[in-house]
Amino acid sequence: MNFYVLPNMTRANTFSVTSDVLNKIQELNCTAYLSEEHRSVFGDKDGVIYSKVEEGISSCDMVIAVGGDGTFINAAKVAVNNSKPLICVNAGKLAYLACLEADELHLLHNVINGEYVTEKRMMLYVTVVDKDGEILYHSNCVNDAVVSRSGNIRIMNLSVFCNGAPLIDFLADGAIVATPTGSTAYSLSAGGPVVEPSVESILVTPVCPHSVFSRSIVLGGSSQLELIHDNSGEAILSCDGQEAVLIPENAKVTVKRSDACVSFIKIKSDTFIDILNKKISG
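Computed from a predicted model, the values in this text were never measured in an experiment.

Novice: Explain the side chain of threonine 71 to me, please; I cannot follow it from the model alone.
Specialist: Topologically, threonine 71 is positioned in helix α4 (residues 69-81). Within the structure, the side chain of threonine 71 is placed 2.9 Å from the side chain of asparagine 8, a separation counted as a polar contact. Beyond its immediate chain neighbours, meaning those up to four positions away, threonine 71 contacts Leu6, Asn8, Arg11, Ala65 and Val66.

What follows is the structure, given as structure tokens:
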């Protein structure tokens, strides 16, 4: 079996954890692929092949990401684009998406033996559409899409439509549209609910709303949303925390369930509630 390893080298523990991952893959008589840029970091090792990202992933059965939730989100998009399942190994502290902790790498042998399940999670397809209907930007999101004000710190008036009908208007610093996976990310920090990943839904959470009655809304997974700002200032869109793009005047943001989904490998028997309790209490 071949694994493509995607480490986030900006984390302090990533080198040691990734080295342990590579050693474990070798012990299992499997092959690890790494990007050429990591050759200078890990050096020549038995069972490790350095290649271009596209070539390496196409030769692999699964992707292993080493880092934290941000790393896993970025790796998920790479995995989805290449139709590969993803194993997430935690090299940080809080990581809701981690399949394995750094001291659990011995469980990788379960993958070789087929003792795992594949957990599919929905994604969002997000676009910026101008007044003439032209798509100016599009992205698939694992966690969330955030509409907020750019430049000066000021509130914005947002109108949200669901399936063509008015849903809610609110004054806030912005709005988060999240998947159940993203419910434990920025949406949670903004006061949104935690939603079990198996519940296919779309969350709308205002950021610092200027009304005590503005609360998160949980919608069905097939909902199609439109977010329109009041044009009183520059608005931006950020998908999964990536670099923001400008929402032009009179343009709108549309959000719906993506045709793509992420396939996370689950090796341990712990449930989402087990993980949630562990992360919160830890």
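Novice: Whenever I open this one, the environment of isoleucine 57 confuses me. Can you help?
Specialist: Among the secondary structure elements, isoleucine 57 is positioned in helix α3 (residues 53-58). Between the C-alpha atom of isoleucine 57 and that of threonine 271, which follows or precedes it by 214 residues, the distance is 29 Å. Setting aside residues up to four positions removed in sequence, isoleucine 57 forms contacts with Tyr4, Val78, Asn82 and Lys84.

Novice: Please explain α4 as it appears in this structure.
Specialist: Residues spaced three or four apart along an α-helix point in a common direction, a consequence of the helix completing one turn every 3.6 residues. The terminal C-alpha atoms of α4 lie 18 Å apart, and with 13 residues this matches the ideal 18 Å at 1.5 Å per residue to within 8%. Residues of α4 that are buried include every one of Asp69, Thr71, Phe72, Ile73, Ala75, Ala76, Lys77, Ala79 and Val80, and no others. Positive backbone phi, at 55°, marks serine 83, one or two positions downstream of α4.

Novice: Sorry if this is basic, but what is going on with the side chain of aspartate 130 here?
Specialist: Considering the arrangement of structural elements, one finds aspartate 130 in the loop between β6 (117-129) and β7 (135-141). Within the buried core, aspartate 130 has no salt-bridge partner, and the shortest N-O distance to an opposite charge, that of lysine 131, equals 8.2 Å. At 2.9 Å, the side chain of aspartate 130 forms a polar contact with the backbone nitrogen of aspartate 132. Beyond its immediate stretch of four places on either side in the chain, aspartate 130 contacts Leu136, Asn250 and Ala251.

Novice: I'm lost on helix α1 (residues 14-27) in this one. Help?
Specialist: With 14 residues, α1 ought to run about 20 Å at 1.5 Å a step, and its terminal C-alpha atoms sit 20 Å apart, in line with that. For α1, every residue scored as buried is listed here: Thr14, Val17, Thr18, Ser19, Val21, Leu22, Lys24 and Ile25. On the buried face of α1, the contacting elements are β1 (2-7), β2 (31-35), α2 (39-42), β3 (48-51), β4 (62-67) and β5 (86-90). Asparagine 29 occupies a position one or two residues after α1 and carries a positive phi of about 60°.

Novice: Would you explain the pattern of salt bridges in this entry?
Specialist: Once their charged atoms are close, side chains differing in charge can pair, the charge on each being opposite to the other. Inspection of the entire model under this criterion finds 11 salt bridges. For glutamate 36, the salt bridge goes to arginine 39, with nearest N and O atoms at 3.3 Å. With a relative accessible area of 34%, arginine 39 lands in the partly exposed category. Linking arginine 121 and glutamate 119 is a salt bridge whose minimum nitrogen-to-oxygen distance equals 2.8 Å. A relative accessible area of 11% means that arginine 121 is categorised as buried. Overlapping salt bridges, with partners in common, bring together Glu104, Lys266, Lys268 and Asp270 in one network.

Novice: Help me understand the layout of surface pockets in this model?
Specialist: Unfilled space is identified by rolling a water-sized probe across the atoms. Roughly 350 Å³ of internal volume is contained in the largest pocket. Along the wall of the largest pocket there are 24 residues; nearest its centre are Tyr96, Ala98, Arg121, Lys266 and Ile275. Contributions of two or more residues to the lining of the largest pocket are made by β6, β17 (252-266) and α7 (272-281). Here the lining of the largest pocket takes 5 residues from α7, the largest share from any one element. When grouped by side-chain class, the residues that make up the lining of the largest pocket number 12 nonpolar, 3 polar and 9 charged.

Novice: Can you walk me through the sheet that holds strand β16 (residues 245-247) in this structure?
Specialist: The strands making up a sheet associate through hydrogen bonds between their backbones, and the pairing can be parallel or antiparallel. If you walk across this open sheet you meet the 6 strands as β13-β12-β11-β8-β15-β16, and the pairing is antiparallel. The open sheet has two edge strands with one neighbour each: β13 (217-220) and β16. Across this sheet, the average inter-strand angle for adjacent strands is 25°, counted without regard to direction. With 5 bridges joining them, strand β11 (residues 174-178) and strand β12 (residues 201-207) adopt antiparallel strand pairing. The residue of β12 that forms the bridge with alanine 178 is leucine 203.

How each quantity is defined
- Residues numbered from 1 in each chain as written.
- Predicted model: local features only at pLDDT ≥ 70, side-chain atom pairs only at ≥ 80, totals over all residues.
- Heavy atoms only, no water.
- Helix = DSSP H or I, 4+ residues; strand = E, 2+ residues; numbered from the N terminus.
- Polar contact = N/O pair within 3.5 Å; in protein donor to acceptor, adjacent residues only side chain to side chain.
- Contact = heavy atoms within 4.5 Å.
- Expected span 1.5 Å × (residues − 1).
- Buried < 20%, exposed > 50% of the residue type's maximum accessible area, 1.4 Å probe, protein only.
- Lys, Arg positive; Asp, Glu negative; His and termini not counted.
- Salt bridge = Lys/Arg side-chain N within 4 Å of Asp/Glu carboxyl O.
- 1 Å grid on protein atoms, 1.4 Å probe; cavity = no way out; pocket = protein on both sides within 12 Å on 5 of 7 lines; lining within 4 Å.
- Points joined across faces, edges and corners; volume = space filled by probe spheres on them.
- Nonpolar A, V, L, I, M, F, W, Y, C, P; charged D, E, K, R; others polar.
- Pairing = 2+ DSSP bridges.
- Axes fitted to C-alpha atoms, helices over the stretch in contact; angles between N-to-C directions.

So far we have only geometry, and geometry alone does not tell us how the molecule works.
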